[in-house]
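# Reading the structure
Here is what each chain is made of, one letter per residue.
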Amino acid sequence: MKKNIDNFKIFYSSFLGKAVSEILSKKISTLWNPIDKSRIAVIGFGSPYSESINKRIQRLFFLIPRHHGKYHFGLTNKNLTASINEYALPVDDQSLDRLLVIHSFEYLTDHKKFLREAWRTLDKNGEILIIVPNSFGLWRPHYKNFFSSLRTFSIPELNSLLLNNFFIPIEFENSLFFPPINNSYLLKSVSHIERFGNKFFNFFSGVIIVKARKNYSAIILNETQNMKTKIIRNTKN
């Protein structure tokens, strides 16, 4: 199936999509307590999760990758929407406190370039929250066939990507332990399934959620080391 914004709209209007948004919204709220006058951006398709982050904010940006297509959110004087290139975000340096990435990271072809750009936009103590399909989860076929995602991830892969691109992983969470079946009777029991899965079957969760903090000092140390290396080379020459 070709990836476009309509696939997300169809999914989140179904019983299954509503159950997913409810569960993941609770996860987001747990990982991110509201901060007064916070500046938040959502990259990907984030409209189902706006209520979980749209609290005590100063500004909220919905940044939709161009390859997803166009979509208009309900706007207020506190939020804006834009169609963007994920590798050149239309956001000033250190102008965000938080960055939520959902239905986006699994479509990227250059994760290093994106994370460096995310690092640029976040304030010194800024945080990024990334939600991606689990390589070993029940939802892997659904993400590939329905959402046309390019890849899935494991916790070690995410941990390595973040550490190598100036972020410090703080917390990993697993979610969506029920099969992606659009059955209203099954979905009434998802809260019980989630509790059971979190306790015994983390490895097979549908998605992985990682919260990481910008490592502001890392790039300074990296640049200092590069300068020292250049000086040593010049001295030898």
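What counts, and at which threshold
Residues numbered from 1 in each chain as written. Predicted model: local features only at pLDDT ≥ 70, side-chain atom pairs only at ≥ 80, totals over all residues. Heavy atoms only, no water. Core = buried A, V, L, I, M, F, W, Y, C linked by side-chain atoms within 4.5 Å. Buried < 20%, exposed > 50% of the residue type's maximum accessible area, 1.4 Å probe, protein only. Helix = DSSP H or I, 4+ residues; strand = E, 2+ residues; numbered from the N terminus. Contact = heavy atoms within 4.5 Å. Phe/Tyr/Trp six-rings, centres within 6.5 Å; stacked < 30°, edge-to-face > 60°. Polar contact = N/O pair within 3.5 Å; in protein donor to acceptor, adjacent residues only side chain to side chain. Salt bridge = Lys/Arg side-chain N within 4 Å of Asp/Glu carboxyl O.

Leu24, Leu100 and Phe178 are the most contacted members of the largest nonpolar core, which totals 36 residues. Looking at this core, the elements with two or more residues in it are helix H1 (5-12), helix H2 (15-31), strand S1 (38-44), strand S2 (57-65), strand S4 (96-102), strand S5 (122-133) and strand S7 (207-214). With seven residues, H2 is the largest single contributor of residues to this core. When sequence neighbours within four positions are dropped, the list of residues in contact with Phe178 reads Leu16, Val20, Ile23, Leu138, Trp139, Leu187, Val190, Ile193 and Glu194.

What follows concerns the packing of aromatic side chains. All chains considered together, the criterion is met by 19 aromatic pairs. An angle of 80 degrees between the planes, with centres 5.0 Å apart, marks the rings of Phe11 and Tyr12 as edge-to-face. You can call Tyr12 buried: its relative accessible area is 10%. On the numbers, 6.3 Å between centres and 65 degrees between planes, the contact of Trp119 with Phe166 is edge-to-face. Of the two residues, Trp119 sits in helix H4 (residues 111-121) while Phe166 sits in the loop between helix H6 (155-163) and strand S6 (167-175), which places them 47 residues apart along the sequence. Comparing Trp119 with Phe166, the two get one shared label, buried.

Turning our attention to the environment of Asn165. Inspection of the secondary structure assignment puts Asn165 in the loop between H6 and S6. Between the alpha carbons of Asn165 and Arg116 there is a distance of 6.3 Å; along the sequence they are 49 residues apart. With residues near it in sequence (within four places) discarded, Asn165 still touches Lys112, Leu115, Arg116 and Trp119. A distance of 3.0 Å separates a polar atom in the side chain of Asn165 from a polar atom in the side chain of Arg116.

For the structure on display, the rule yields nine salt bridges. A salt bridge links Lys9 to Asp6; its shortest N-O distance comes to 3.8 Å. Of the two residues, Lys9 and Asp6 are both situated in helix H1; the distance of three residues between them amounts to about one turn of the helix. Lys26 serves as the salt-bridge partner of Glu22, at 3.7 Å between the closest nitrogen and oxygen. In this pair, Glu22 and Lys26 both sit in helix H2, four residues apart, roughly one turn of the helix.

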